[in-house]
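As a plain string of letters, each chain reads:
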Amino acid sequence: LRSSVETVKLIHEELSLTLKEKDSLSLFYGILSRKDFKLRYAHLGDSGFFVARKGKSFQQIDAHSPAIRAQGFDATTMMEGIWVVEPEDRIVILSDGYGEACGGWT
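Residues numbered from 1 in each chain as written. Predicted model: local features only at pLDDT ≥ 70, side-chain atom pairs only at ≥ 80, totals over all residues. Heavy atoms only, no water.

### Examining the overall build of the protein chain
Then step 1. Each helix and strand in the protein chain was counted, giving 2 helices and 8 strands.
Then step 2. A principal-axis box enclosing the C-alpha atoms of the protein chain has dimensions of 45 × 40 × 15 Å.
Then step 3. Counting all 106 residues of the protein chain, 30% fall into the buried class.
Then step 4. With 13 positive and 15 negative side-chain charges, the protein chain shows a separation of 7 Å between the mean positions of the two kinds. (Helix = DSSP H or I, 4+ residues; strand = E, 2+ residues; numbered from the N terminus. Buried < 20%, exposed > 50% of the residue type's maximum accessible area, 1.4 Å probe, protein only. Lys, Arg positive; Asp, Glu negative; His and termini not counted. Charge placed at Lys NZ, Arg CZ, Asp CG, Glu CD.)

Below you can see the structure in the form of structure tokens.
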């Protein structure tokens, strides 16, 4: 299977042809393996990614890369994150627009 980072690089190649100078795109792309219960993901920009183990509070996981832009975005610096999912874990992914409307993630 292609890694999440490789898929996002392909998405970036396509989008870079149409993005305007001021456009940006926050993106979360993940692949959950049923075999080992690992969520392999690429998290770019200002979207919110929160995880909580059973009985624990949510913690925010920071993005690995800035948002995709028409210019100045270096796809070679993206990293793949891994979260090993356990029974009754909770995962929340929120758009950057939601975060702006709520005044941020804090």
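Picking up where we left off.
### Description of the sheet that holds strand β8 (residues 90-94)
Then step 1. Taken in spatial order, the 3 strands of this open sheet run β5-β4-β8, and their pairing is antiparallel. With one partner strand each, in any of the chains shown, β5 (59-60) and β8 form the two edges of the open sheet.
Then step 2. Relative to β8, strand β4 (residues 48-52) runs antiparallel, the two being bridged by 5 bridges. The partner of V51 across the bridge, within β8, is I91. (Pairing = 2+ DSSP bridges.)

### Quick word on the environment of A42
Then step 1. Secondary-structure assignment places A42 in strand β3 (residues 38-44).
Then step 2. For A42 and M78, which are 36 residues apart along the polypeptide, the C-alpha to C-alpha distance reads 7.4 Å.
Then step 3. When residues no more than four places from it in sequence are discounted, the contact partners of A42 are S4, V5, V8, L27, F28, Y29 and M79. (Contact = heavy atoms within 4.5 Å.)

### Considerations on the sheet that holds β3
Then step 1. Strand order in the open sheet formed by 3 strands is β2-β3-β7, and the pairing between neighbours is antiparallel. Of all the strands in the sheet, the pair left with one neighbour each is β2 (27-32) and β7 (81-84). Pairwise comparison of adjacent strand axes, ignoring direction, gives a mean angle of 25° for this sheet.
Then step 2. Examined bridge by bridge, β3 and β7 share 4 bridges and lie antiparallel to one another. In the strand pairing of β7, L39 is matched with W83. (Axes fitted to C-alpha atoms, helices over the stretch in contact; angles between N-to-C directions.)

### Here's the deal with the confidence of the model for the protein chain
Then step 1. Mean pLDDT for the protein chain: 89, with 97% of residues reaching 70 or above.
Then step 2. In the model of the protein chain, helix α2 (residues 96-101) stands out as the element of lowest mean pLDDT, 83, in contrast to β4, which has the highest, 96. (pLDDT = per-residue confidence, 0-100.)

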